[in-house]
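Per-entry structural report
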Amino acid sequence: MRFTTVFLFILVTLLFFGDSPLPAQHILEVYVDQMGPRISPLLYGIFFEDINHAVDGGLYAELLRNGSFEHTNRREGWVIERGERARATIVSEEPLNRNNPNYLKVELEDSAVKLVNTGYDGIPLKRGEIYLLSFYTKGDFSGKLSASLVKGEEKLAETDVVFQQGIPNWQKIFLKLSPKKDVTDARLVVLLEGTGCLLLDMFSLMSEKNWHGMREDLLRMLESLRPSFVRFPGGCLVEGDSLENAYRWKETIGPVEERRSKRNLWGYHQSFGIGFYEYLLLCERLGAKPLPIFNAGMSCQVRSGTQYCPADQLDEWIQDVLDFLEFANGSVDTPWGAVRASLGHPEPFNVEYIGIGNENWGPPYHINFEKFRKAIKEKYPNVKIVFSGPPSYEGTNFRQAWKWAKENDVEIFDEHIYASPEWFLANTDRYDTYDRNGPKVLLGEYAAHTPGRKNNLQAALAEAAFMTGLERNSDVVIMASYAPLFNRVGWSQWVPDLIWFDGYRVFGTPSYYVQKIFSENRGDVVVRSTLTNEEYRVFGYRYKHLYHVVTYDQKGEELIIKVVNPWPEDKSVWIDLKGKVELTGEARIVVLTSADQLDENSFEELKVVPKENVLFGIKNPFEYTCKAFSVNVIRLKLRR
Ligand code: AHR
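Let me begin by describing the structure that accompanies this report. (Residues numbered from 1 in each chain as written. Predicted model: local features only at pLDDT ≥ 70, side-chain atom pairs only at ≥ 80, totals over all residues. Heavy atoms only, no water.)

Describing the sheet that holds strand β29 (residues 583-593)
Strand order in the open sheet formed by nine strands is β30-β29-β32-β27-β26-β23-β1-β28-β31, with mixed pairing between adjacent strands. Every other strand in the sheet has two partners, leaving β30 (611-615) and β31 (622-626) as the edge strands with one partner each. Sheet twist, expressed as the mean angle between neighbouring strand axes with direction ignored, is 25°. As paired strands, strand β27 (residues 558-565) and strand β32 (residues 630-638) are joined by eight bridges and run antiparallel to one another. Paired with glutamate 558 across the strands is lysine 637, a residue of β32. On the sheet, helix α11 (residues 457-472) packs against β1 (26-38), β23 (525-531), β26 (547-553), β27, β29 and β32 and is oriented at approximately 55° with respect to β26. (Pairing = 2+ DSSP bridges. Helix = DSSP H or I, 4+ residues; strand = E, 2+ residues; numbered from the N terminus. Axes fitted to C-alpha atoms, helices over the stretch in contact; angles between N-to-C directions. Contact = heavy atoms within 4.5 Å.)

Right under this line is the structure:
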């Protein structure tokens, strides 16, 4: 309790009245003895895809760009200067390994070559932190390699290696650099001076302060969402714009230099420095169930020129999934379980859910899905398989997909909804009429797209309103995740996104805080409630004055009332708890609001963040005012 008694008194007076002097605009009746359905324990999760440099240049703590010289433009990220009698070329004659064919060949005759890498927007450095620089090298060279971290003309840290004899085989060199001040935009300068020929590959620079190669500040943002599941690694990314760059999990494990990096369909190169093993570790750290998605044997159907894997080659793709399940869950005596153990995790990850396909539809997908399912269920009958819906959330493809799913006993159907805020507000009852005995729903991707696709409060309010409907229907919608998750500012392909960051800063959008509030205040079971004067017609469209859901937290013995007011005027509600109930008088209130629905957050200013208060002396019934443009959570402590 950080507020003063005076503040408390004023708040209670303003918001709560034992007896309302004026009739409230709405009456919210909560039938505390009428509970159901149960809230799915997996309801709120996250969807992780390397789009907008979410991983490379994002969660992956690697500070250099294209340290492996494998990007489509082999010199991307590098500036290479050479003196007279010096050559620097990118070649592939004696590769580090077959997944990493390109490297830099430097030939010098009493001369110098300077290599400069600026990372993404310059390299952010913290004073006194240790940065590990590593690279592979081989050759016959006599001279010196000095590595420095430089800002403008100033050297912030420097170290060197002297080469006196030939290195016949590729060898990894490790150096440590500790900058003398904080900067946001340094560069790595590697200077080679001497005579001979040196091959160089796989430059890496990473602060020692990382967790399995991941940035702690971004991890903390994910942790504070308390996700119950992580859907990964895409998205369209799984499909590829051809089967050549479809996501293949086996290419993403083991030593980073042996992972087969490639261009992704979002147009940039992925190192897979965070691959399937790291995703599983991430799930473990977050306490979230992994939900890996696998390619269904076809490249992206939304993009032109979809490639379908020939039927007689599909077994290889199916085998990939079976091998993954052995890798994740198998005993250390199995071949893939042994690989997991060799990476440092003998305990199984216990993967229970997987998805086959992303935004796929039509007979080719149905045929493939059936084949995957048969093979997986034969070996892993308890693993639940998510069926992919099409990109549309209504219309012919969508209806046909659902028809097939129901007729073929699909367990979980993956819906994706990107729509206007108005659509979300008008469709909060979408799942009320879903068949309770049909497939469950994973709402694997959704976001409200405002004009200009702004990450503003307006979008967040529409999502919050919709989420009251998800929660109310949590017997059908068992998992939901906003999309996309991350946006590296200046490097993005898609807005809006949940979390924005650059090399050293991060902030949550209003949508982020909606996800956080809902995730932190789920409850275990829905409590029946009704609101008077609910319908709000605007130009013939049916909205609601207020969107609400009530749940009960069994452990904390609290009623959780969520009310969303997406409109520009305050609305008062008379909250009346019906049935056998006694309040302790204590309530925790969380409110997310701002003066203008167009308000956004930024690195400089968090305009839209939740504010929390604890109140005492609440009596049933009481009046509560939902401010214009607000999400409200009222947690009422019950005396049971
Ligand atoms: O979330 C961004 C993209 O939107 C996903 O990759 C894809 O599944 C959807 O079309």
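That covers the picture; the talk isn't over yet.
A closer look at the environment of tryptophan 249
Examined against the element boundaries, tryptophan 249 turns out to sit in the loop between α4 (236-239) and β12 (262-263). Each C-alpha atom, one on tryptophan 249 and one on arginine 87, is 38 Å from the other, the two residues being 162 residues apart in sequence. Tryptophan 249 has contacts with Phe276, Phe294, Asp320, Asp323, Phe324, Phe327 and Trp336, leaving out every residue within four places of it along the chain. Here the side chain of tryptophan 249 touches aspartate 320 through a polar contact of 2.8 Å, landing on its backbone oxygen. (Polar contact = N/O pair within 3.5 Å; in protein donor to acceptor, adjacent residues only side chain to side chain.)

Remarks on the site of the ligand
Contacts to the ligand come from 13 residues, most closely from Glu49, Cys236, Glu359, Tyr418 and Glu445. Between the ligand and cysteine 236 there is a distance of 2.8 Å, counted from an oxygen atom to a backbone nitrogen or oxygen. Asparagine 358 is positioned with one of its side-chain polar atoms (N or O) 3.0 Å from an oxygen atom of the ligand. Protein chains bury 94% of the 280 Å² of accessible surface belonging to the ligand in isolation. (Near = heavy atom within 4 Å. Areas by Shrake-Rupley, 256 points an atom, 1.4 Å probe, with all protein chains shown as cover.)

As for the nonpolar core
Soluble globular proteins tend to pack their nonpolar side chains together in the buried interior. If you look at the biggest cluster of nonpolar residues, it comprises 128 residues, and the most contacted ones within it are Phe48, Phe324, Ile354, Ile356, Ile376 and Ile417. At ten residues, the largest contribution of residues to this core is made by α11. Apart from residues lying up to four places away in sequence, isoleucine 354 is in contact with Leu291, Pro292, Phe294, Val321, Leu325, Ile376, Val383, Lys384, Ile385 and Val386. With 38 residues, the next largest nonpolar core counts Ile123, Leu125, Leu156 and Leu177 among its residues. (Core = buried A, V, L, I, M, F, W, Y, C linked by side-chain atoms within 4.5 Å. Buried < 20%, exposed > 50% of the residue type's maximum accessible area, 1.4 Å probe, protein only.)

Notes on the sheet that holds strand β18 (residues 440-448)
Sheets are built from strands that pair by backbone hydrogen bonding, the pairs being arranged parallel or antiparallel. Reading across from one edge, β2-β11-β14-β15-β16-β17-β18-β19 is the order of the eight strands in this open sheet, with parallel pairing throughout. Single-partner strands in this sheet number two, and they are β2 (46-47) and β19 (477-480). In this structure, strand β16 (residues 384-388) lies alongside strand β17 (residues 412-419), joined through three bridges in parallel fashion. Bridge pairing in β17 places valine 386 opposite isoleucine 412.

A short note on the packing of aromatic side chains
Any pair of aromatic rings gets described here by the distance separating the centres and the angle formed by the planes. In total, this model carries 49 aromatic pairs according to the counting rule given. For the ring pair phenylalanine 324 and phenylalanine 327, a centre distance of 6.5 Å and an interplane angle of 45° mean the geometry is tilted. One end of the pair is phenylalanine 324 and the other is phenylalanine 327, both in helix α6 (residues 314-329) and three residues apart, which spans about a single turn. Accessibility assignment for this pair places phenylalanine 324 and phenylalanine 327 in one class, buried. An angle of 10° between the planes, with centres 4.2 Å apart, marks the rings of tryptophan 402 and phenylalanine 413 as stacked. In this pair, tryptophan 402 is assigned in helix α9 (residues 396-407) and phenylalanine 413 in strand β17, connecting sequence segments eleven residues apart. Overall, phenylalanine 413 belongs to the buried group, its relative accessible area being 0%. Cation over ring: arginine 303 sits above tryptophan 266, and NZ or CZ is 5.1 Å from the ring centre. Taking the ring centre of phenylalanine 603 as reference, the NZ or CZ of arginine 505 above it sits at 4.1 Å. (Phe/Tyr/Trp six-rings, centres within 6.5 Å; stacked < 30°, edge-to-face > 60°. Lys NZ or Arg CZ within 6 Å of the ring centre and 35° of its normal.)

As for the side chain of serine 207
Locating serine 207 in the fold gives a position in strand β10 (residues 183-207). The buried category is assigned to serine 207, whose relative accessible area is 10%. Separated by 2.9 Å, the side chain of serine 207 and the backbone nitrogen of lysine 209 make a polar contact. Discounting chain neighbours no more than four positions away, the residues touching serine 207 are Leu63, Glu129, Ile130 and Tyr131.

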